[in-house]
Protein chains: 2
Amino acid sequence: MKEKPIISNAVIRRLPRYRRYLKELKKSTDKVSSKELSELTGYTASQIRQDLNNFGDFGQQGYGYNVDVLFEGINAILGLGKSYNMVMAGGGNLGKAIANHNYYYKTGFIVTAIFDKNPELIGKKIRDIEIYDYLDMKDYIEENGIDIGVICTTKDSAQEVADIFCSAGVRGIWNFAPVDLQIPDNVCIENVHLSDALYSLAYYMNNTKSE
Amino acid sequence: MKEKPIISNAVIRRLPRYRRYLKELKKSTDKVSSKELSELTGYTASQIRQDLNNFGDFGQQGYGYNVDVLFEGINAILGLGKSYNMVMAGGGNLGKAIANHNYYYKTGFIVTAIFDKNPELIGKKIRDIEIYDYLDMKDYIEENGIDIGVICTTKDSAQEVADIFCSAGVRGIWNFAPVDLQIPDNVCIENVHLSDALYSLAYYMNNTKSE
DNA sequence: TAGATTGTTAATCGATTAACAATC
DNA sequence: TAGATTGTTAATCGATTAACAATC
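Counting restarts for each chain: residues are numbered from 1 in the order of the written sequence. Ligands are numbered from 1 and chains lettered from A, in the order in which they are written. Local features in this predicted model are restricted to residues of pLDDT 70 or higher, and side-chain atom pairs are both shown and tallied only at a pLDDT of 80 or more, whereas totals for entire chains, interfaces and linings draw on every residue. Calculated side-chain values reflect all of the structure's heavy atoms, with hydrogen atoms and water omitted.

Colleague: What should I look at first to understand the relation of the copies chain B and chain A in this one?
Modeller: The relation between the two copies of this chain is a rotation about an axis and a shift parallel to it. What sets the superposition is a least-squares fit of C-alpha atoms, and only residues with pLDDT of at least 70 in both copies go into it. After a rotation of 180 degrees and a shift along the axis of 0.0 Å, chain B superposes on chain A with an RMSD of 0.0 Å. Look at the turn and shift together and you get a two-fold axis relating the two. Among all C-alpha atoms of chain B, that of Ala97 of chain B lies closest to the rotation axis, at 2.7 Å. Two residues form a contact once any of their heavy atoms are found within 4.5 Å. Interface overlap between copies: 100% of the residues of chain B at the interface are likewise at the interface in chain A, consistent with a symmetric, same-surface contact.

Colleague: Quick question: what am I supposed to make of the protein's contact with DNA strand C here?
Modeller: DNA strand C sits among 24 residues. The nearest are Ser46, Gln50 and Gln60 of chain A together with Ser34 and Gln50 of chain B. Nearness is defined per residue: one heavy atom within 4 Å of the molecule or strand is enough. Per the 4 Å cut-off to the protein, sugar and phosphate atoms form 55% of the nearby atoms of DNA strand C. For the purposes of these results, a polar contact is taken to be a pair of N or O atoms within 3.5 Å, where, inside protein, one atom must be able to donate a hydrogen and its partner to accept one; residues adjacent in sequence count only when each atom of the pair is a side-chain atom. Asn53 of chain B has a polar side-chain atom sitting 3.0 Å from a phosphate oxygen of DNA strand C. Going through the elements one at a time, α1 (9-25) and α3 (45-53) of chain A together with α3 (45-53) of chain B are the ones with two or more residues in the surface near DNA strand C. Only runs of H or I of at least four residues qualify as helices and only runs of E of at least two qualify as strands under DSSP, and these elements are numbered from the N terminus. No other element matches the 4 residues that α3 of chain A contributes to the surface near DNA strand C. Partitioning the surface near DNA strand C into residue classes produces 3 nonpolar, 17 polar and 4 charged. Each residue is assigned to one class: nonpolar for Ala, Val, Leu, Ile, Met, Phe, Trp, Tyr, Cys and Pro, charged for Asp, Glu, Lys and Arg, and polar for all the others, Gly among them.

Colleague: I would appreciate a short explanation of the pattern of salt bridges in the present structure.
Modeller: Oppositely charged side chains can form a pair if their charged atoms are brought close together. What counts as a salt bridge is simple: a side-chain nitrogen of Lys or Arg found within 4 Å of a carboxyl oxygen of Asp or Glu. Under the defined criterion, the tally for this structure stands at 22 salt bridges over all chains. Salt-bridge contacts for Asp180 of chain B lead to Arg17 of chain A; the nearest nitrogen and oxygen are separated by 2.9 Å. Of this pair, Asp180 of chain B sits in the loop between β8 (172-175) and β9 (188-191) while Arg17 of chain A sits in helix α1, which puts the two residues in different chains. Partly exposed residues are those whose accessible area sits between 20% and 50% of the maximum for their type, while under 20% is buried and over 50% is exposed, using a 1.4 Å probe and protein chains only. You can call Asp180 of chain B buried: its relative accessible area is 18%. We note a salt bridge from Arg20 of chain B to Asp180 of chain A, for which the minimum N-O separation is 3.1 Å. Placement of the pair is Arg20 of chain B in helix α1 (residues 9-25) and Asp180 of chain A in the loop between β9 (172-175) and β10 (188-191), with the two residues belonging to separate chains. With relative accessibility at 11%, the residue Arg20 of chain B sits in the buried group.

Colleague: Please clarify how α3 of chain A should be interpreted in this entry.
Modeller: At 3.6 residues per turn, the α-helix brings residues three or four places apart onto the same side. All names here are of chain A. Within α3, burial applies to Ala45, Ile48, Asp51 and Leu52. Projection of α3 onto a plane perpendicular to its axis shows the buried side chains occupying an angular sector of 125 degrees, all on one side. Looking at α3, the residues exposed on the side facing more than 90 degrees away from the buried face are Gln50 and Asn53. At its buried positions, α3 is contacted by α1, α2 (34-41), β3 (64-66) and α4 (67-78). In this description, the arc belongs to the directions extending from the helix axis to the C-beta atoms.

Colleague: Quick question: what am I supposed to make of the pairing of β9 of chain A here?
Modeller: A regular strand places its side chains so that they alternate between the two faces of the sheet. Residues and elements named next belong to chain A. Here β9 shows no split at all, with Gly172 and Trp174 on one side and Ile173 and Asn175 on the other all buried. As paired strands, strand β8 (residues 148-151) and β9 are joined by 4 bridges and run parallel to one another. Considered in β9, the bridge of Ile148 is made with Gly172. The path from the first strand over the helix to the second decides the hand: if it runs clockwise while the strands point away from the viewer, the crossover is right-handed. This β-α-β element, β8 to helix α7 (residues 155-168) to β9, shows right-handed connectivity. Being paired, for any two strands, means DSSP has found at least two bridges between them.

Colleague: Can you walk me through the nonpolar core in this structure?
Modeller: Across soluble globular proteins, nonpolar side chains show a tendency to be buried alongside one another. Grouped together as the largest cluster of nonpolar side chains are 106 residues, with contacts concentrated most on Phe109 and Trp174 of chain A together with Phe109 and Trp174 of chain B. Beyond its immediate chain neighbours, meaning those up to four positions away, Trp174 of chain A contacts Ile98, Tyr104, Ile148, Gly149, Val150, Ile151, Glu190 and Val192 of chain A together with Leu194, Ala197, Leu198 and Leu201 of chain B. By nonpolar core we mean a set of buried residues, namely Ala, Val, Leu, Ile, Met, Phe, Trp, Tyr and Cys, connected to one another through side-chain atoms within 4.5 Å.

Colleague: Even after reading the chapter, I still don't get the protein's contact with DNA strand D, so can you show me in this structure?
Modeller: Lining the immediate environment of DNA strand D, one finds 24 residues, of which Ser34 and Gln50 of chain A together with Ser46, Gln50 and Gln60 of chain B sit closest. The sugar-phosphate portion of DNA strand D accounts for 56% of its atoms within 4 Å of the protein, the bases making up the rest. Gln61 of chain A places a polar side-chain atom, nitrogen or oxygen, 3.2 Å from a base oxygen of DNA strand D. Between DNA strand D and Ser46 of chain B there is a distance of 2.8 Å, counted from a base nitrogen to a side-chain nitrogen or oxygen. Looking at the surface near DNA strand D, the elements with two or more residues in it are α3, β2 (59-60) and β3 of chain A together with α1 and α3 of chain B. Among the elements that take part in the surface near DNA strand D, α3 of chain B stands out by supplying 4 residues, more than any other.

Colleague: Teacher, can you tell me more about the state of the cysteines here?
Modeller: Here, the word disulfide means a covalent bond between the sulfur atoms of two cysteines. Note on terminology: pairs of cysteine sulfur atoms within 2.5 Å are recorded as disulfides. Tallying each qualifying case throughout the model produces 0 disulfides over all chains. In this structure Cys166 of chain A is a free cysteine whose sulfur lies 10 Å from that of Cys188 of chain A, the closest cysteine sulfur available.

Colleague: Help me understand the interface of chain B and chain A in this model?
Modeller: For an interface, size is often stated in terms of accessible area lost upon the parts coming together. If you look at the interface, chain B gives 65 residues, while chain A gives 65 residues. Accessible area that two parts lose when put together, evaluated with a 1.4 Å probe and summed over both, is termed the buried area. For the pairing of chain B and chain A, the buried interface totals around 5,800 Å² over both sides, and the portion due to carbon and sulfur atoms is 63%. Between the two partners, chain B and chain A, sit 6 salt bridges. Counting across the chain B and chain A interface gives 20 residue pairs in polar contact (both at pLDDT 80 or more). If you list the elements that add at least two residues to the side of chain B that touches chain A, you get α1, α4 (67-78), β3 (84-89), α5 (93-100), β8, β9 and α8 (194-206) of chain B. Ranked by the residues each element gives to the side of chain B that touches chain A, the list is headed by α8 of chain B, at 13 residues. Classifying every residue of the side of chain B that touches chain A gives 34 nonpolar, 15 polar and 16 charged.

As structure tokens, then:
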């Protein structure tokens, strides 16, 4: 196997942000310089050039970057060409919102089924997505080649759900429960710890320089 | 004014995580060492001691840290003693979920009102929180001393909402819209860019070492 | 006292920024 | 060609880790 250079996490986190600005830029222009991107994103021009250079030959000296090429390039790096099948564990409020929140459907992330333990929810639908019995989740994942599992349960059920996800073969987990989960090395995880974010916000509200 | 040492953002982001583990530990033990915390959190013991030392005298040599003292200490640092009044702009799916998601109510973050432009939503309730006309938002914030504004609108309305929030005097913004917002220096912002997180996850799913 | 574990300094590592040669 | 802007190396900065003296 070819040795790919290891790209730091910090770089990867910036890519979706570049992507957002490029998507806007596409509407009005063909080219963009690192300096212009710097003014938009707030990153230094130097950092932007460093970041993009990790992936090869996007720019052209004396010209800048072609917006379309760069946008599509970042899509390809992130893996946004293909589509991803997702299932969700937990059809309560949070699950409902995430399943309804159609923003990322456009980029190919599709929730195909929701699973819950609550008999009152089983059989109902969120959008056109059916809520099934939690006991059938593992089989469903195996039979339908699910790529990503979304955890919208309470923190007490989250590890159990993660275990089922992993043993059934998902490759990624999007976790909204406020716990850190134990998962095997070959499964990727992205945590959205909402209350952690709120607590950091509180800190900064109480510790701003202006006084 | 006394010069407080500037604590790096990386440290602040780890505090809520320490807090979560300490909350669990409180149930079973009085004391914890940096080594034990390291095993739980995955941070190195050295880093934990460095982090905690930013804030003074939590530990005791030869003993470790008192779990209660440390837990309360971190609460105090984050500013979790007091309560925070919040309003939400956007009573759609995402807003509904966040308003329903009661996890952070316990720590004093209380949504007191929701505002929307949609006449079909105005007058309805989410939980016991009423949805009001968006036009009344500014007055409400000013009259009720609101601390935090939550943005659950589409990306196209988000900047407008942020402007109203800031001019009405909120001190913090919790933004769920997929845009970066312009805000004055004295207002703090915490962005939850859900799709950005999903795109990073996709990257790692396509670029894991195991192949 | 001996053992344990912090507080804190010093060393290392990694990420960001600056600078400039390459080149379109 | 002259001007612009990247690609890329070197310098700087900051964060993490290691080490150990202080001390409970």
